[in-house]
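# Secondary and tertiary structure notes
Read off the chains here:
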Amino acid sequence: VVITIGHDNKNGHAGWFVSSVSITNVATGKMWTFLTNRWLAKDEADRKLYATFTPSSVTQVTDYRITIFTGEAANGAGTDATVYLRAFGTNGSFYLSDFNDPNDSDDCEAGEVNSVTYTCGLDIGDIGRITIGHNNAKKDAAWFVDGVKIQNLRTGKVWSFPVYSWLAKDKVGAQLEKTVNVGKDMPHYSYIDQYPKDRENGWSEEMTT
């Protein structure tokens with residue numbers, strides 16, 4: 001059994017990263033999984049729009065819990081843009097094109113902790129790095145990210161990715177996406193009341209008990 005998958009490259013942003021393809025015979029229940037893990041794009045990798053695959057030996061469907069911590073100690077830290085995330089493991093990768101917390105109608109706002117569950121066609125193994133970014137759409141697109149945690153819900157293993165950076169076009173030295181290696185657990189700060197807009201870093205040293 002083989003499949004060929006591709007696209008016609010029409011319209012804007014036609015490039016497509018395909019993690020996996022699953023085909024199920026609804027009459028027999030038999031399923032074939034194809035671990036693709038590649039770009040189909042004119043401006044990525046080998047620049048091909050079509051590729052052929054055979055079924056993969058690994059068919060372990062795995063759910064991942066992705067939690068994003070938006071910073072609060074910065075004016076306008078939240079974003080209304082579409083957030084995406086790529087995770088790279090020892091056995092493969094996955095791409096979440098639109099992070100959307102089902103329990104929050106306005107996620108990724110300042111100080112918020114948002115989570116989604118992503119179902120992947122395979123267990124991608126130990127996650128060594130992520131790329132996180134957004135499409136810069138809408139007026140309030142600039143975003144300050146404290147960090148990301150990813151948990152394999154089948155094994156319980158957790159990876160932490162400290163970011164502590166602006167993802168923005170209008171901040172000095174910032175870009176719309178950032179690649180971060182796995183690190184130690186990172187603190188996520190919650191603040192009482194609003195950050196004083198007339199203070200520089202270290203304003204908390206002025207506080208008295």
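In this report, we go over the structure that sits alongside the text. Keep in mind the model is a prediction, meaning the values are calculated, not measured. The written sequence of each chain sets the order in which its residues are numbered from 1. Owing to the predicted nature of the model, reporting of local features is limited to residues with pLDDT of at least 70; listing and counting of side-chain atom pairs is limited to 80 or more, with chain, interface and lining totals taken over all residues. To get the side-chain values, all heavy atoms of the structure are used, and hydrogens and water are removed first.

This paragraph deals with the side chain of Asp 104. Working definition: helices are DSSP H or I runs of at least four residues, strands are E runs of at least two. Numbering for both runs from the N terminus. Inspection of the secondary structure assignment puts Asp 104 in the loop between β7 (93-96) and β8 (113-120). Partly exposed describes any residue whose relative accessible area lies between the buried limit of under 20% and the exposed limit of over 50%, with all areas from a 1.4 Å probe on protein chains only and scaled to the type maximum. Working convention for charge: Lys and Arg count positive, Asp and Glu count negative, and His plus the chain ends are omitted. Definition used for salt bridges: Asp or Glu carboxyl oxygen within 4 Å of a side-chain nitrogen of Lys or Arg. For the buried Asp 104, no salt bridge exists, and the shortest N-O distance to an oppositely charged side chain is 11 Å, to Arg 65. Contacts described as polar in this section are N or O atom pairs within 3.5 Å, which, within protein, must combine one atom able to donate a hydrogen with one able to accept it, while residues neighboring in sequence count only if both atoms come from side chains. Of note is the side chain of Asp 104, whose polar atom sits 3.0 Å from the side chain of Asn 114. Every residue pair with non-hydrogen atoms within 4.5 Å of one another is taken to be in contact. The residues touching Asp 104, leaving out its near neighbours within four places in the chain, are Glu 112 and Asn 114.

Moving on, we come to unusual backbone geometry. Positive phi outside glycine occurs at Asn 9, with the angle close to 65°. Tracing the sequence through the fold places Asn 9 in the loop between β1 (3-6) and β2 (16-24). At Arg 47, a position not held by glycine, the phi torsion is positive, near 65°. One can find Arg 47 in the loop between β3 (31-40) and β4 (50-53).

This part is about the environment of Ser 19. Looking at where Ser 19 falls in the secondary structure, it is placed in strand β2. Judged by its relative accessible area of 8%, Ser 19 falls in the buried class. Sequence spacing of Ser 19 and Ser 93 is 74 residues, and the spatial spacing of their C-alpha atoms is 6.7 Å. Ignoring any residue separated from it by four or fewer positions in sequence, one finds Ser 19 in contact with Phe 34, Leu 35, Thr 36, Asn 37, Ser 93, Phe 94, Tyr 95 and Tyr 118.

For Asn 9, a relative accessible area of 29% corresponds to the partly exposed category. Put simply, Asn 9 and Leu 49 are 40 residues apart on the chain and 7.3 Å apart in space, counted from C-alpha to C-alpha. For Asn 9, the contacting residues outside a window of four places in its chain are Ala 14, Lys 42 and Leu 49.

What follows covers the sheet that holds strand β5 (residues 62-70). Spatially, four strands are ordered β8-β5-β10-β11 in an open sheet, and the strand pairing comes out antiparallel. Bordering the open sheet on either side are β8 and β11 (158-167), each of which pairs with just one other strand. Adjacent strand axes in the sheet meet at a mean angle of 20° when their direction is disregarded. Between any two strands, pairing holds if DSSP finds at least two bridges. Pairing of β5 with β8 involves eight bridges; the strand directions are antiparallel. When the sheet's bridge partners are listed, Tyr 64 is paired in β8 with Tyr 118. In this analysis, axes come from line fits to C-alpha atoms, helices being fitted only over the stretch in contact, and the angle between any two N-to-C directions falls in the range 0 to 180 degrees.

A separate point is the packing of aromatic side chains. Only rings of Phe, Tyr and Trp enter the pairing, Trp through its six-membered ring, and a pair is recorded when the two centres are within 6.5 Å. The plane angle decides the type: under 30 degrees is stacked, over 60 is edge-to-face, the rest tilted. Taken as a whole and assessed by the stated rule, the structure comprises six aromatic pairs. Ring centres 5.5 Å apart and planes at 75° place the aromatic pair Phe 17 and Trp 39 in the edge-to-face group. Linking Phe 17 in strand β2 with Trp 39 in strand β3, this pair joins segments that are 22 residues apart in sequence. Since its relative accessible area comes to 13%, Phe 17 is described here as buried. By relative accessible area, which is 18% here, Trp 39 ends up buried.

Once that is clear, we can look at the sheet that holds strand β6 (residues 83-89). Within the open sheet, the four strands sit side by side as β7-β6-β9-β12. Their pairing is antiparallel. The strands lining the two open edges of the sheet, one partner per strand, are β7 and β12 (177-181). Across the sheet, the axes of successive neighbouring strands diverge by a mean angle of 10°, strand direction being ignored. Bridge analysis of β6 against strand β9 (residues 127-134) gives seven bridges, and the strand direction is antiparallel. From the neighbouring strand, Tyr 84 faces β9, where its bridge partner is Gly 133.

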